[in-house]
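Residue strings, one per chain:
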Amino acid sequence: MSDYDYDLFVIGAGSGGVRASRVAAAHGAKVAVAEEYRVGGTCVIRGCVPKKLLVYGAHFAEDIKDARQFGWNVPDCAFDWPRLRDNVLREVDRIEGLYGETLGNQKVEIIRERAVVTGPHSVKLASGKEITAKTLLIATGGWPVVPDVPGAEHGITSNEVFHLEALPKRIVIAGGGYIANEFAGIFHQFGSHVTLVNRSETILRGYDEQIRDRLLQISMTKGIQFRFNAPFEKIEKQEDGSLLVHLGDNGPPIECDAVLFATGRRPNLDGLGLETAQVELTEKGAIKVDDENRTSCASIYAVGDVTDRIQLTPVAIREGQAFADTVFGNKPTKVDYSCVPSAVFSHPPLAGVGMIEAEARNKLGSIKVYSSDFRPMKNVLAGRNERALYKMICDAATDRVVGVHMIGPDAAEILQVAAVAVKAGLTKAQFDATVALHPTMAEELVLMK
Ligand code: NDP
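The residue numbering used here restarts from 1 in each chain and proceeds along that chain's sequence as written. Residue-level local features of this predicted model are given only where pLDDT is at least 70; pairs of side-chain atoms are given and counted only at 80 or more, and the full residue set underlies all totals for whole chains, interfaces and linings. Heavy atoms from the whole structure form the basis of all side-chain values; hydrogens and water molecules are not counted.

1. Digging into a nonpolar patch on the surface
At step 1: The patch calculation keeps residues exceeding 30% relative accessible area without a salt bridge and links them within 9 Å when they carry like charges or within 5 Å when they are nonpolar (Val, Leu, Ile, Met, Phe, Trp, Tyr). All accessible-area figures derive from a Shrake-Rupley calculation using a 1.4 Å probe, and residue coverage is judged against the displayed protein chains alone. Counted as salt bridges are all cases of a side-chain nitrogen of Lys or Arg within 4 Å of a carboxyl oxygen of Asp or Glu. A surface patch of nonpolar side chains, amounting to about 360 Å² of accessible area, comprises Phe70, Trp72 and Leu381.
At step 2: Helix and strand labels come from DSSP, where a helix needs a run of H or I of at least four residues and a strand needs a run of E of at least two; each type is numbered from the N terminus. Here Trp72 is to be found in the loop between helix 3 (48-69) and helix 4 (81-105).

As structure tokens, then:
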């Protein structure tokens, strides 16, 4: 008989926590997971899943327009936000249910309340109950950062954006990262007037320069407005309910109906009691873990965004799996963080894997860059003047492909397959030896000059 109530107690039923819970249970552990909000976490409830559904919904605006060039007599169409919103939220409910079922099938106990750490082997529930476990796993994810400016309370974050009562006619989006660019595309397609405001001089810092320049140029051509080097000074609510965003010396204030903060996400640790078990944090305030996801307290582990390694769902899932296999499956596993692909579901989307040009030049010295800058066939007939750009970065010494980056229709779908090749260490010659699949956009991958 164990001295503890559970072998494993997980705090947070998001992507990492759910995977760790069910795999540990499958390995024979007695597992409970506490969740204060909804099973599924950011990805399912207020992130990847509902966002991607909105991206699909938004894309119809262009598809309907383009359809006319393809011979369809499409009448003027009106967009119904509440209908899409409610359908998306229903789908989120369905997936949340499936997650719960999966945990139940593995006999993982779901405790639907907040839990905080009270020591190396103990937690306390919001109801006051104390629980002990041999191992604790912290998987509480991230939380949107809201800049500390007067009037910030008038803005919303990605937590609220899926529940808007009505579509804002004018929206200001703060930030220039993933969420900002994805929602700039979404709201623009739905017909809102969008202004993206970033504190620095760029969007998507860290992405390939030419690729992000292409997104900027296409977004501006579509009518999305940008203000750079423009930190928020304050937000004022006006008598008619509209908002006035002041940007200091950076031009006149912007009047809008909604402000969306997309200014990064920080580890969700407030009030979690980690100090009671001497769990150390990094300088940036994330839980410090070793390469087996163990914290400075031997009985406490952490996975996912709360450790701020790579804030992506598939990474959190791998960390949860590796933790469970290592600790409960007698199968020590470390996550390989090399060549993690990522995508921004903007309009059009962009995606990349491996090193960008500047990074490769720094690290490898001598590199070769191949590219294909083309107007997709569908865009030509539609009269849509949007060019796609694919880039391939190779190590000049070995011919090995060390990075692929692209922007254009379906970039993320295409990039996933390229990521397999980059991860496998294939050379440019091996790409070239592959016969093109014609006519596709993806064939550019094996035709790059
Ligand atoms: P990002 O880190 O992508 O971008 C944050 C942006 O906000 C940057 O442009 C940054 O400016 C700016 N910023 C940061 N802090 C402040 C501040 N205090 N005041 C004003 N501006 C600030 O964050 P997101 O919120 O867009 O997304 C969070 C994370 O979630 C992403 O990093 C990503 O890992 C994940 N995510 C992934 C998605 C996907 O895979 N498709 C989609 C959505 C989110 P600067 O130019 O100075 O860097």
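2. Overview of the site of the ligand
At step 1: Surrounding the ligand, one finds 20 residues, the nearest of these being Gly176, Ile179, Ser200, Arg205 and Ala343.
At step 2: Note that a nitrogen atom of the ligand is positioned 3.3 Å from one of the backbone N or O atoms of Thr263.
At step 3: Take Ala343: an N or O atom from its main chain is 2.8 Å from a nitrogen atom of the ligand.
At step 4: Coverage of the ligand by the protein chains reaches 76% of its 910 Å² of free accessible surface.
At step 5: Tallying contributions element by element places helix 5 (residues 178-190) first for the shell around the ligand, with three residues.
At step 6: Partitioned by chemical class, the residues of the shell around the ligand number seven nonpolar, eight polar and five charged. In this text, near means that some heavy atom of the residue lies within 4 Å of the molecule or strand in question. Polar contacts, as counted here, are pairs of nitrogen or oxygen atoms within 3.5 Å of one another; within protein the pair requires one atom able to donate a hydrogen and one able to accept it, and residues that are adjacent in sequence qualify only if both atoms are side-chain atoms. Under the convention adopted here, Pro, Cys and the residues Ala, Val, Leu, Ile, Met, Phe, Trp and Tyr are nonpolar, Asp, Glu, Lys and Arg are charged, and Gly plus all remaining residues are polar.

3. A word on the environment of Thr333
At step 1: The topology assignment puts Thr333 in the loop between helix 7 (313-328) and strand 17 (342-344).
At step 2: Taking C-alpha positions, Thr333 is 8.6 Å from Gln321, a pair spaced 12 residues apart along the chain.
At step 3: Contact between two residues is taken to exist if any of their heavy atoms lie within 4.5 Å; hydrogens are not considered. Those residues in contact with Thr333 that lie beyond four places of it in its chain are Ala322, Asp325 and Thr326.

4. A look at the layout of surface pockets
At step 1: Definitions used for this entry: grid spacing 1 Å over protein atoms alone; cavity, a set of points where a 1.4 Å probe fits but cannot get out; pocket, an open set with protein on both sides within 12 Å along at least 5 of 7 lines; lining residue, one with an atom within 4 Å of a point. Grid points are joined across faces, edges and corners, and a volume is the space filled by probe spheres set on the points. Size it by volume and the second largest pocket reaches roughly 750 Å³.
At step 2: Forming the boundary of the second largest pocket are 32 residues, of which His59, Lys378, Pro409, Asp410 and Met441 lie nearest the centre.
At step 3: Among the secondary structure elements, those contributing two or more residues to the lining of the second largest pocket are helix 3, helix 9 (377-382) and helix 10 (411-423).
At step 4: In terms of residues, the lining of the second largest pocket owes the most to one element, helix 3, which gives eight residues.

5. Comments concerning the environment of Asp240
At step 1: Tracing the chain through its elements places Asp240 in the loop between strand 11 (234-237) and strand 12 (243-246).
At step 2: When accessible area is computed with a 1.4 Å probe and restricted to protein chains, residues below 20% of their type maximum are described as buried, those above 50% as exposed, and intermediate ones as partly exposed. Since its relative accessible area comes to 62%, Asp240 is described here as exposed.
At step 3: Sequence separation of Asp240 and Asp257 is 17 residues, and the distance between their C-alpha atoms is 9.9 Å.
At step 4: Within the structure, the side chain of Asp240 is placed 2.7 Å from the side chain of Ser242, a separation counted as a polar contact.

6. With respect to the sheet that holds strand 11
At step 1: The criterion for strand pairing is that DSSP finds at least two bridges linking the strands in question. Read across the sheet, three strands follow the order 11-12-13 without closing on themselves; strand pairing throughout is antiparallel. Strands at the two margins of the open sheet, each flanked by one partner only, are strand 11 and strand 13 (254-256). Taken over all neighbouring pairs, the strand axes of this sheet differ in orientation by 25° on average, direction set aside. Axis lines are fitted through C-alpha atoms, for helices just across the contact stretch, and the angle between N-to-C directions can take any value from 0 to 180 degrees.

7. Some thoughts on the packing of aromatic side chains
At step 1: Classification of ring pairs rests on two measures: the distance between centres of Phe, Tyr or Trp rings, Trp counted by its six-membered ring, which must be within 6.5 Å, and the angle between planes, read as stacked under 30 degrees, edge-to-face over 60 and tilted in between. One pass over the structure, following the stated rule, counts 11 aromatic pairs.
At step 2: Centre to centre, the rings of Phe79 and Phe190 are 4.2 Å apart; their planes meet at 15°, and the pair counts as stacked. Of this pair, Phe79 sits in the loop between helix 3 and helix 4 while Phe190 sits in helix 5, and the two are 111 residues apart along the sequence.
At step 3: With a centroid separation of 5.9 Å and 20° between ring planes, the pair formed by Phe226 and Phe228 is classed as stacked.
At step 4: A ring is considered to have a charge above it if a Lys NZ or an Arg CZ atom is located within 6 Å of its centre and within 35 degrees of its normal. If you follow Lys30 out to its NZ or CZ, it ends over the ring of Tyr6, 5.0 Å from the centre.

8. As for the packing of helix 3 against helix 5
At step 1: It is the contact of helix 3 with helix 5, at a shortest axis distance of 8 Å, that shows an interaxial angle of 40°. Of the possible angle classes, the one that applies to helix 3 and helix 5 is oblique. Every pair of crossing elements has a handedness; the one defined by helix 3 and helix 5 is left-handed. Counted together, Lys51, Leu54, Val55, Gly57, Ala58, His59, Ala61 and Glu62 of helix 3 and Glu182, Phe183, Ile186, Gln189 and Phe190 of helix 5 form the full contact between these two elements.
At step 2: Taken together, the residues of the contact of helix 3 with helix 5 break down into seven nonpolar, three polar and three charged. Note on terminology: angles under 35 degrees are roughly parallel, angles over 145 are roughly antiparallel, angles of 65 to 115 are roughly perpendicular, and the others are oblique. It is the rotation of the near helix from the far one that decides the hand of a crossing: anticlockwise by less than a right angle makes it left-handed, clockwise makes it right-handed.

9. Focus on the side chain of Ser342
At step 1: Looking at the secondary structure, you find Ser342 in strand 17.
At step 2: Side chain to side chain, Ser342 and Tyr207 meet in a polar contact 2.7 Å long.
At step 3: With residues up to four places along the chain from it excluded, the contact list for Ser342 reads Tyr178, Tyr207, Leu312, Leu350, Ala351 and Gly352.

10. What to know about empty space enclosed by the protein
At step 1: On inspection of all chains with the given rule, the structure shows one cavity of 30 Å³ or more.
At step 2: Roughly 50 Å³ of volume is contained in the largest cavity.
At step 3: Every residue along the wall of the largest cavity is listed here: Asn181, Ala184, Gly185, Leu215, Ser219, Lys222, Ile224, Ser346 and His347.
At step 4: Of all the secondary-structure elements, those providing two or more residues to the lining of the largest cavity are helix 5 and helix 6 (209-222).
At step 5: Taken together, the residues of the lining of the largest cavity sort by class into three nonpolar, five polar and one charged.

11. Re the nonpolar core
At step 1: Put simply, a nonpolar core is a bunch of buried Ala, Val, Leu, Ile, Met, Phe, Trp, Tyr and Cys residues held in one set by side-chain atoms that sit within 4.5 Å of each other. Formed by 35 residues in total, the largest nonpolar core has its most connected members in Leu54, Val161, Ile173, Phe183 and Leu350.
At step 2: By residue number, the principal contributor to this core is helix 5, which donates six residues.
At step 3: With 25 residues, the next largest nonpolar core counts Phe9, Ala34, Val279 and Val306 among its residues.

12. Side note on the sheet that holds strand 9 (residues 193-197)
At step 1: Strand order in the open sheet formed by four strands is 10-9-8-14, and the pairing between neighbours is parallel. Of all the strands in the sheet, the pair left with one neighbour each is strand 10 (225-227) and strand 14 (258-261). Taken over all neighbouring pairs, the strand axes of this sheet differ in orientation by 20° on average, direction set aside.
At step 2: By the bridge criterion, three bridges tie strand 9 to strand 10 in an arrangement that is parallel. Looking across to strand 10, one finds that Thr195 is bridged to Gln225.
At step 3: Against the sheet, helix 5 touches strand 8 (170-174), strand 9 and strand 14, its axis set at about 165° to strand 9.

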